[in-house]
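Summary of the model geometry
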Amino acid sequence: MKLVIDESRCKGCNLCVLVCPYGIFQEGTELNSRGIVTPVLDRPERCTNCRLQALYGRMLCGVCHMICPDQAINWVEEKPFEPHKVEVEF
Amino acid sequence: MIAPDWFRDDRLPHIYCTGCGNGTVINCTLAAVEEMGWKRDETVFVSGIGCSSRAPGYILTDSLHTTHGRALAFATGVKMARPDLHVVVFTGDGDLAAIGGNHFIHACRRNVDMTVICMNNHIYGMTGGQGSPTTPAGAISTTTPYGMSEPAFDLAELAVAAGANYVARWTSYHVKELTKAVAAGLQTPGLAFIEARTQCPTNYGRHNKLRRVSDMIEHLRSHAILVQKHDRLVAEGKPIPEGAFTVGELVRRNRPAMGVQR
C-alpha cells in the first residue's frame, strides 16, 4: 500500500502534520497548480498502514485519513511489487 | 476506513474553508455508519441550514436539506412514516440551539429513534461570524465586538435534561473516540445526541487569536477534560480549569423510545 495525498482535494490545512505519530507529513513550501501549499511526504514507507495493512487485514492507525477534512488522504495499491528499504525510527 | 463510494465524488472538494472541522465529523460519521453495515438506500441524512448542514450534499444517500432549524421536525416525520429507515441528522449549533431549540428539546422528550450529530463551532460560520447561543462568554464575534456577555448553552447537558437516550460529546480532534461515540449512538434505540465541537478558524478563530488551524485544534484539545476526571475533581473539591468542557459519554439509558420498529 502506498500513502497518497489527492492534490485536487487538499486545501493545505496541515492537520495531518499535527496528528501523524511518525511525522511523515511535513509542511510544504511550494504552491501547486491550484495555488495551494500541500504537505509533502517524508519517507511514507514508514507509515504503519502502508507496511502492515495487508498483513493484519484492517486499518491500523489511519488518524490522518480520519482527520483530513477534505478526504484527500488515502492508500492505494501498488501494482508491481517494489521491494524497498524500510527505516523505522525508535 | 471509509469506503470512497459513500461520497459524491463530483461534488468534492467541498465548500468548507481550509481547516474546517465539519469534514472530519463527516468522516467519523461515515466510518461509524459503515461499521454498522447499513445499506445506502436504508439510510437517510437530514440537515437544516448552515455550514454543517451542507454535509448530506456530499454523501451519496437519500437526504433532506430542510428549512432553518426544522431538521429534527422533518426527521421525525421521516421516521414516523418509514420506521424501517435509519435516520441521521446533521446540524449545527445555530440550527439546533438557536432557531431549532424547541424542536430539539421536544425530539429529546419524545425520544424519537434517530441519531443527531451537532457540529458545534461556537459561531454562525456561514453568515459571517455572528455570536450564537454557544459562543463562550468573552469570545469576540461580529455581533459581540466587546466580548460575549451572555453565558453559553451546554447542548449535551440540555439533551441529558430533556431525556435523550444516549448523549456524548467529543471534539473534531478526538477522531477515534468520536467514531466510537457515533457508532454507539447509531446502535442505541431512541434519540442519540452527539455534540462534536469543531474548529472554525475562519470566523471564530480569526477574531479570537486562534487564526491558525493548529492553534484552534490545540485549544480544543487542551480545554477538553474527560467526564470521569471532571467528576473526580468535583468530588475532591478541586477547582475545574477555566474554560474547560467535559468530553465523553454523558448518559446512556433506556427510556421508552418512539418510532422503534418491533
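Conventions we followed
- Residues numbered from 1 in each chain as written.
- Chains lettered and ligands numbered in written order.
- Predicted model: local features only at pLDDT ≥ 70, side-chain atom pairs only at ≥ 80, totals over all residues.
- Helix = DSSP H or I, 4+ residues; strand = E, 2+ residues; numbered from the N terminus.
- Rg over C-alpha atoms; globule rule 2.2 N^0.38 Å.
- Buried ≥ 20, exposed ≤ 12 C-beta atoms within 10 Å, placed from the backbone.
- Contact = placed C-beta atoms within 7 Å.
- Nonpolar A, V, L, I, M, F, W, Y, C, P; charged D, E, K, R; others polar.
- UniProt positions renumbered as here; feature names shortened; annotations may be inferred.
- Arc of directions from axis to C-beta.
- Axes fitted to C-alpha atoms, helices over the stretch in contact; angles between N-to-C directions.
- Parallel < 35°, antiparallel > 145°, perpendicular 65-115°, else oblique.
- Left-handed = near helix turned anticlockwise from the far one by under 90°.
- Pairing = 2+ DSSP bridges.
- Right-handed = clockwise from strand over helix to strand, strands pointing away.

Naming follows an unreviewed UniProt entry, where chain B appears as 2-oxoacid:ferredoxin oxidoreductase subunit beta of Methanoculleus methanifontis.

Within an unreviewed UniProt entry, the label attached to chain A reads 4Fe-4S dicluster domain-containing protein, and the organism entered is Methanoculleus methanifontis.

Let us look at the overall build of chain B. Of the regular secondary structure elements, chain B holds eight helices and 10 strands. If one aligns the C-alpha atoms of chain B with their principal axes, the spans along those axes are about 50 × 45 × 35 Å.

In this section: the overall build of chain A. Per the secondary structure count, chain A includes three helices and four strands. The N-to-C order of helical and strand elements in chain A reads β-α-β-β-α-α-β. Relative to the globule expectation of 12 Å for 90 residues, the C-alpha radius of gyration of chain A, 13 Å, shows essentially globular dimensions. With respect to the principal axes defined by its C-alpha atoms, chain A has extents near 35 × 25 × 25 Å. Counting every position in chain A, which comprises 90 residues, the buried fraction comes to 31%. Of all intrachain contacts in chain A linking residues separated by at least 6 positions in sequence, the fraction that spans at least 24 positions is 60%.

With that settled, consider the interface of chain A and chain B. With 16 residues of chain A at the interface, the matching set in chain B holds 19 residues. Broken down by secondary-structure element, the contributors of at least two residues to the side of chain A that touches chain B are α1 (15–19) and α3 (63–67) of chain A. No other element matches the four residues that α3 of chain A contributes to the side of chain A that touches chain B. Looking at the side of chain A that touches chain B residue by residue, the classes come out as eight nonpolar, five polar and three charged.

Let's shift gears to the UniProt feature "domain: Thiamine pyrophosphate enzyme TPP-binding" (unreviewed entry) in chain B. The sites that UniProt annotates as "domain: Thiamine pyrophosphate enzyme TPP-binding" (unreviewed entry) are residues 49–195 of chain B. As annotated, residues 49–195 of chain B has a helix share of 33% and a strand share of 21%, and its two end C-alpha atoms lie 17 Å apart.

What follows deals with helix α4 (residues 101–110) of chain B. Residue and element names in this part refer to chain B. Taken together, the buried positions of α4 are occupied by His 103, Phe 104, Ala 107 and Cys 108. End-on view of α4: buried residues confined to an arc of 130°, all on one side of the axis. Where α4 is buried, its residues touch α2 (71–81), α3 (93–99) and α5 (155–162).

A few words on the packing of helix α1 (residues 22–36) of chain B against helix α6 (residues 175–187) of chain B. Residues and elements named next belong to chain B. The contact between α1 and α6 brings their axes to 8 Å, and the two run at 50°. Between α1 and α6, the angle falls in the class oblique. Relative to α6, α1 is oriented so that their crossing is right-handed. Facing α1, whose interface residues are Thr 24, Cys 28, Thr 29, Ala 31, Ala 32, Val 33, Glu 35 and Met 36, α6 presents Val 175, Leu 178, Thr 179, Val 182, Ala 183 and Leu 186. Taken together, the residues of the contact of α1 with α6 break down into 10 nonpolar, three polar and one charged.

Moving on, we come to the pairing of strand β10 (residues 245–252) of chain B. All names here are of chain B. In this sheet, β10 lies alongside strand β7 (residues 166–171) in antiparallel orientation, the contact comprising four bridges. Along β10, the bridge assignment pairs Tyr 166 with Arg 252. Of the strand pairs in this sheet, strand β9 (residues 224–226) and β10 are connected by three bridges, and their pairing is parallel. Looking across to β10, one finds that Leu 226 is bridged to Val 247. One crossover worth recording links β9 to the parallel β10 by way of helix α8 (residues 227–236), and it is right-handed.

Right, let's get into the sheet that holds β7 of chain B. What holds strands together in a sheet is hydrogen bonding between their backbones, with the strands either parallel or antiparallel. All names here are of chain B. With mixed pairing, the eight strands of this open sheet are ordered in space as β2-β1-β3-β4-β8-β7-β10-β9. Looking along the sheet, the strands with just one partner apiece sit at the ends: β2 (62–65) and β9. Pairs of neighbouring strands in the sheet enclose a mean axial angle of 20°, with direction left out of account. Of the pairings in the sheet, the one linking strand β4 (residues 115–120) to strand β8 (residues 192–197) comprises six bridges and is parallel in character. Residue Met 119 lies in a different strand from β8, and its bridge partner there is Ala 196. With respect to the sheet, α2 is in contact with β1 (43–47), β2, β3 (86–92) and β4, its orientation differing from that of β3 by roughly 180°. Strand contacts of helix α7 (residues 213–223): β7, β8, β9 and β10, with the helix running at about 30° to β9, the strand carrying the most contacts.

Residues and elements named next belong to chain B. Residue position: Ile 26 is located in helix α1. On the basis of neighbour counts, which here come to 27 C-beta atoms within 10 Å, the residue Ile 26 falls in the buried class. For the pair Ile 26 and Pro 56, spaced 30 residues apart in sequence, the C-alpha separation works out to 8.8 Å. Apart from the residues lying within four places of it in its own chain, the contact partners of Ile 26 are Ala 55 and Tyr 58.

Here Leu 12 of chain B and Pro 13 of chain B are connected by a cis peptide whose omega angle stands at 0°. Mapped onto the elements of the fold, Pro 13 of chain B is located in the segment before α1. In the Ramachandran plot, Gln 71 of chain A falls in the positive-phi region, its phi being about 55° despite a non-glycine side chain. Tracing the sequence through the fold places Gln 71 of chain A in the loop between α3 and β4 (73–76). C-beta crowding within 10 Å serves as the criterion here: with 24 such atoms nearby, Gln 71 of chain A is assigned to the buried category. One non-glycine residue, Asn 111 of chain B, lies in positive phi territory at about 60°. Inspection of the secondary structure puts Asn 111 of chain B in the loop between α4 and β4.

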